[in-house]
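Residue strings, one per chain:
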Amino acid sequence: MDRTVITGGTPLRGEVQIGGAKNAALPILASTILGGGECVITNVPRVVDVVTMGKLLGILGAKVHYEGNRAVINAAVITSTQAPYDLVKTMRASVLVLGPLLARWGEATVSMPGGCAIGSRPVNLHLAGLAKMGADVSMEHGYIRAKAKRLIGAQIYCDTPTVTGTENLMMAASLAQGTTVIENAAKEPEIVDLANFLMKRGARIDGAGSDVITIEGVRELHGSDHDVIPDRIEAGTYLVAGAITRGTVTLNRCRPNHMDALLMKLREAGVGMQVDKEQIHLNAGSPLKGIDIRTLPYPGFPTDMQAQMVALMTSAEGTSVITETVFESRFMHVEELRRMGADIKVEGNRAVVTGPSRLAGAPVMASDLRASAGLVLAGLAAEGTTEILRVYHLDRGYERMEEKLRGLGATITRHKEGTAPAEIH
Ligand code: UD1
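Remember, predicted model here, so these are calculated numbers, not experimental data.

The rules behind each value
Residues numbered from 1 in each chain as written. Predicted model: local features only at pLDDT ≥ 70, side-chain atom pairs only at ≥ 80, totals over all residues. Heavy atoms only, no water. Helix = DSSP H or I, 4+ residues; strand = E, 2+ residues; numbered from the N terminus. Expected span 1.5 Å × (residues − 1). Buried < 20%, exposed > 50% of the residue type's maximum accessible area, 1.4 Å probe, protein only. Polar contact = N/O pair within 3.5 Å; in protein donor to acceptor, adjacent residues only side chain to side chain. Contact = heavy atoms within 4.5 Å. Pairing = 2+ DSSP bridges. Axes fitted to C-alpha atoms, helices over the stretch in contact; angles between N-to-C directions.

Take helix 8 (residues 232-244) next. Relative to the 18 Å expected for 13 residues at 1.5 Å per residue, helix 8 spans 18 Å between its end C-alpha atoms, a close match to the ideal helical length. The buried fraction of helix 8 amounts to 13 of the 13 residues, a majority that puts the element mostly inside the structure. Residue Asp-231 occupies the N-cap position of helix 8, its side-chain oxygen lying 2.9 Å from the main-chain nitrogen of Ile-233. Trailing helix 8 by a residue or two, Arg-246 shows a phi angle of about 55°, which is positive.

Inspection of the secondary structure puts Gly-61 in the loop between helix 2 (48-60) and strand 4 (63-67). The exposure class assigned to Gly-61 is buried, which follows from its relative accessible area of 19%. Along the backbone, Gly-61 and Ala-75 are 14 residues apart, and their C-alpha atoms lie at a distance of 7.2 Å. Dropping the residues within four chain positions of it, Gly-61 is found in contact with Val-77 and Thr-79.

When you line up the elements, Gln-306 lands in helix 10 (residues 306-313). For Gln-306, a relative accessible area of 1% gives the class buried.

A word on the sheet that holds strand 11 (residues 179-183). Taken together, four strands build an open sheet; the order of strands is 10-11-13-12 and the sheet is mixed. In the strand order of this sheet, the two ends are held by strand 10 (155-157) and strand 12 (204-206), each with one partner. With direction set aside, neighbouring strand axes in the sheet form an average angle of 15°. Against the sheet, helix 6 (residues 163-174) engages strand 10, strand 11, strand 12 and strand 13 (212-216), with an angle of about 25° to strand 13.

Rendered as structure tokens:
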């Protein structure tokens, strides 16, 4: 198992380039199977989840070619409509092929995603929406089976805004007969990016980015090019890396207007920032103060930045209360941060952080993608050496993270399985 070893305590300085958004690239790649023409997608992050999506599309019969950050996909022919357990168990977002397969090929069999480290994550709203559009949906031997000659436009209300659920339904509705209205839709920028790609291919979508999306179904979609939006969570993670080490960091090629909640919260904590159209200059400077944060669907504070902010708050003066309202069991990083000397109490869905703590390097275990990022950030700030085990979680969503951090002056290395353990001070 690979390990990441960090020697902390150095303020980060320099510039970092933000890559394409994983959570936009995944639905965009899945949506290529909605039509036959060639799709050329650029600014695709080379992260493991994107590779997994490519494998899945390949299994379905699409021609997939990755070259650096460019993906060329042609799904003129599909040879299977089944997403197997082996892939779905490694990436829940595999469920994004359900809507496109069903809408274009009349059937889909997708392994039911299981539980994961951040709690039970149901897909009932994806299925209820497809059933409302006339699909016959059943569960057989751990697989979701959905069938429909042609989906029919419907009025769908989501009990809770779901990101991949909204994406699945929007993709399916693009080829349905008639008009679909998704109410209480999720409003994340990644949904808008997917809608923009679908519209370039001939889909008729109105209202993406608001909580009511109207889709008028068309007969077919053609191929198109698309440049994926920058990753707001990757950008946020590097901002916190700058803040937690009290450094001076410039993010290039990011979209600050997708990051309002985070930028406001960082400012409230006392982080100095100058924001341009596609750039953020951070000068952490003075001592930070504890703040309260509540995760919410977009445009609220993103749950995918919660672990990083818990890490940051350990270095701030006073008490911070961080409330997680999107996912249950999303405080797996807290126990590990405590082992590094943080003072954090978890009460239900709230983490109460009392700071500042002088973090000390320790061996810690990553439990999920964003929790791993939180531990890396803590390691960058801690005195001495931190060794992060199960670091493969990071590779699912961060492109060349160690290299990018080294570019900012961090002492961080990846040790492949079988190499000598790092000396722990
Ligand atoms: C997506 C993101 C993930 C992010 C999350 C919330 C991708 C690939 N992943 O995940 O990084 O953390 O949004 O911003 O884009 N829910 C139901 N029934 C459903 C679907 C969801 O009850 O059918 C609930 C979930 O349990 C959760 C909430 O809705 O409490 C939001 O989840 P959702 O937006 O669906 O998350 P994902 O799309 O899985």
